[in-house]
Amino acid sequence: MELVKGVSVGNDFSLLEKMSEHEQVVFCNDPHSGLRAIIAIHNTTLGPALGGCRMQPYRNIDEALEDVLRLSKGMTYKCAAADVDFGGGKAVIIGDPKRDKSPELFRAFGQFVDSLNGRFFTGTDMGTTMDDFIHSMKETRNIVGVPEAYGGGGDSSIPTAQGVIYGIQATNQMLFNTTKLRGVTYAIQGLGKVGYRVAERLLEDGADIYVTDISNEKLQSIKNQAETTKGNVTIVKEEEIYSQDVDIFVPCAIGGVINDKTIQKLKVKAIIGSANNQLESEAHGKQLTEKGILYAPDYIVNAGGLIQVADELYGSNKDRVLAKTKEIYNIILEIYQQAEINQITTNEAANQICENIIQEKARRNSFYSRSVRPKWDIPN
Ligand SMILES: NC(=O)C1=CN([C@@H]2O[C@H](COP(=O)(O)OP(=O)(O)OC[C@H]3O[C@@H](n4cnc5c(N)ncnc54)[C@H](O)[C@@H]3O)[C@@H](O)[C@H]2O)C=CC1
Ligand SMILES: O=C(O)CCC(=O)C(=O)O
């Protein structure tokens, strides 16, 4: 008897080959709530996988799978660089965040997370908010980025934006021999949870910024705010953000924005922002170096949120989170120096540093490697 009619995932092993670097990929389907999601666990050498959950109206399964595989790999490196005892994972929910959310959908998602029995911890990302995960928390304890009123560290985009600012200061030090934010010009793509805070801080310090977003409301809001700050804001069209005659491009929206097309347009001296997977491919890092553009690897710059959500497992302490986030300044400088000494790209330098950390820790913690439980005791 044919139980599942007409289902084909190809007549080869291409799906498994696609995830050959990953430990586990879980496809989640709950017809009752409409949940369709993918959870990817890339590497648990340093601890259970941790990574936010993105909600996006992906066009097809390939697009969603590609995104979750790339994002979860990035988390492995981000955890290593940020020195947190977690591995890399990520989740994507296929759906429109404006239309398709419901308490049932996030509860169903929580049940899938719980079924992984401590191998995966998750929280907010693009398209999801802390409120969504209040529903998931009813089904699993393995939710991070929880509001303060529920015992968590609160909005993780606050330390993420702080980390971006430390990264910009390190970049200004490298390029202009100053840690000051003003006197340097910036083009910001995306005024969401992170980008808006970065824009606010730059304006407060008297910097001139150029901004774009697909939301007019956000553009208008920052424009209004700039009336009371020392810095000035200029709104530009979405596609024009790449060709602005400014010092630094600050991508804080979607991934893949550094590609063959945009590199041609860029006139900046450096790129530093919060968006995950900014380079369409690693080779684009080389193209940036050849063009004399300094690239601050995204997963180093945007680790502030991860640092905060990982800290929740020790009880959430703002001073501890800030101290660790400040380290982003030194790590970025170290990467710039290593790239220069070894004549490699900054993304290669960052990858090498992280791979060495993972190997070194795996040797020390071999008893712990691939454990399904965190070191600390979290009751289930
Ligand atoms: N929230 C956090 O703590 C962290 C965020 N990130 C990454 O930073 C980026 C931004 O994250 P959030 O601010 O949390 O997301 P968000 O969803 O709050 O904001 C994204 C903003 O980008 C805008 N946008 C979307 N497409 C655009 C386009 N083509 N051009 C211009 N603007 C566009 C949206 O309208 C929105 O205002 C994402 O790539 C995310 O993965 C990384 C680490 C932590
Ligand atoms: O920032 C978060 O809430 C979780 C960490 C994460 O998913 C990320 O850094 O991309």
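Rules used in this analysis
- Residues numbered from 1 in each chain as written.
- Chains lettered and ligands numbered in written order.
- Predicted model: local features only at pLDDT ≥ 70, side-chain atom pairs only at ≥ 80, totals over all residues.
- Heavy atoms only, no water.
- UniProt positions renumbered as here; feature names shortened; annotations may be inferred.
- Near = heavy atom within 4 Å.
- Polar contact = N/O pair within 3.5 Å; in protein donor to acceptor, adjacent residues only side chain to side chain.
- Areas by Shrake-Rupley, 256 points an atom, 1.4 Å probe, with all protein chains shown as cover.
- Helix = DSSP H or I, 4+ residues; strand = E, 2+ residues; numbered from the N terminus.
- Nonpolar A, V, L, I, M, F, W, Y, C, P; charged D, E, K, R; others polar.
- Domains from an automatic or database assignment.
- Contact = heavy atoms within 4.5 Å.
- Buried area = accessible area lost by both parts, 1.4 Å probe.
- Salt bridge = Lys/Arg side-chain N within 4 Å of Asp/Glu carboxyl O.

An unreviewed UniProt entry lists the chain under the name Phenylalanine dehydrogenase, with Ornithinibacillus halophilus given as the organism. Check the Sequence similarities (unreviewed entry) section of the UniProt entry for the chain; it says "Belongs to the Glu/Leu/Phe/Val dehydrogenases family."

Our next topic: the site of ligand 2. As a structural note, the neighbourhood of ligand 2 is formed by Gly51, Gly52, Met75, Lys78, Lys90, Thr124, Asp125, Ser156, Asn276, Gly305, Leu306 and Val309. At 2.6 Å from an oxygen atom of ligand 2 is found a side-chain nitrogen or oxygen belonging to Lys90. Coverage of ligand 2 by the protein chains reaches 92% of its 290 Å² of free accessible surface. When residues of the shell around ligand 2 are assigned to their parent elements, the largest contribution, three residues, is made by helix α11 (residues 304-311). In terms of residue class, the shell around ligand 2 is made up of three nonpolar, six polar and three charged. Shared between two domains, the shell around ligand 2 takes at least three residues from each, and those domains are domain 1 (21-76 + 86-150) and domain 2 (157-358).

According to the domain assignment, the chain contains domain 1 (21-76 + 86-150) and domain 2 (157-358). Domain 1 and domain 2 are separated by 25 Å when their C-alpha centres are compared. On the domain 2 side, the residues contacting the 20 residues of domain 1 number 15 residues. Taken together, the two surfaces of domain 1 and domain 2 that pack against each other cover about 1400 Å², and 60% of this comes from carbon and sulfur. The interface formed by domain 1 and domain 2 contains one salt bridge. Note that Lys318 is salt-bridged to Glu148, the shortest N-O span being 3.6 Å. Counting every contact that joins domain 1 to domain 2 gives four residue pairs in polar contact (both at pLDDT 80 or more). Among the elements that make up the side of domain 1 that touches domain 2, the one with the highest residue count is helix α2 (residues 61-82) (five residues). Taken together, the residues that form the side of domain 1 that touches domain 2 break down as ten nonpolar, five polar and five charged.

Neighbouring residues of ligand 1: 25 residues in total, closest Thr160, Asp213, Lys218, Ala253 and Asn276. Between ligand 1 and Asp125, the relevant distance is 3.4 Å, taken from an oxygen atom to a side-chain nitrogen or oxygen of the residue. Between an oxygen atom of ligand 1 and a side-chain N or O atom of Ser274, the distance comes to 2.9 Å. Contact with the protein chains removes 88% of the 830 Å² of surface that ligand 1 exposes when unbound. Among the residues making up the shell around ligand 1, the classes are represented as eight nonpolar, ten polar and seven charged.

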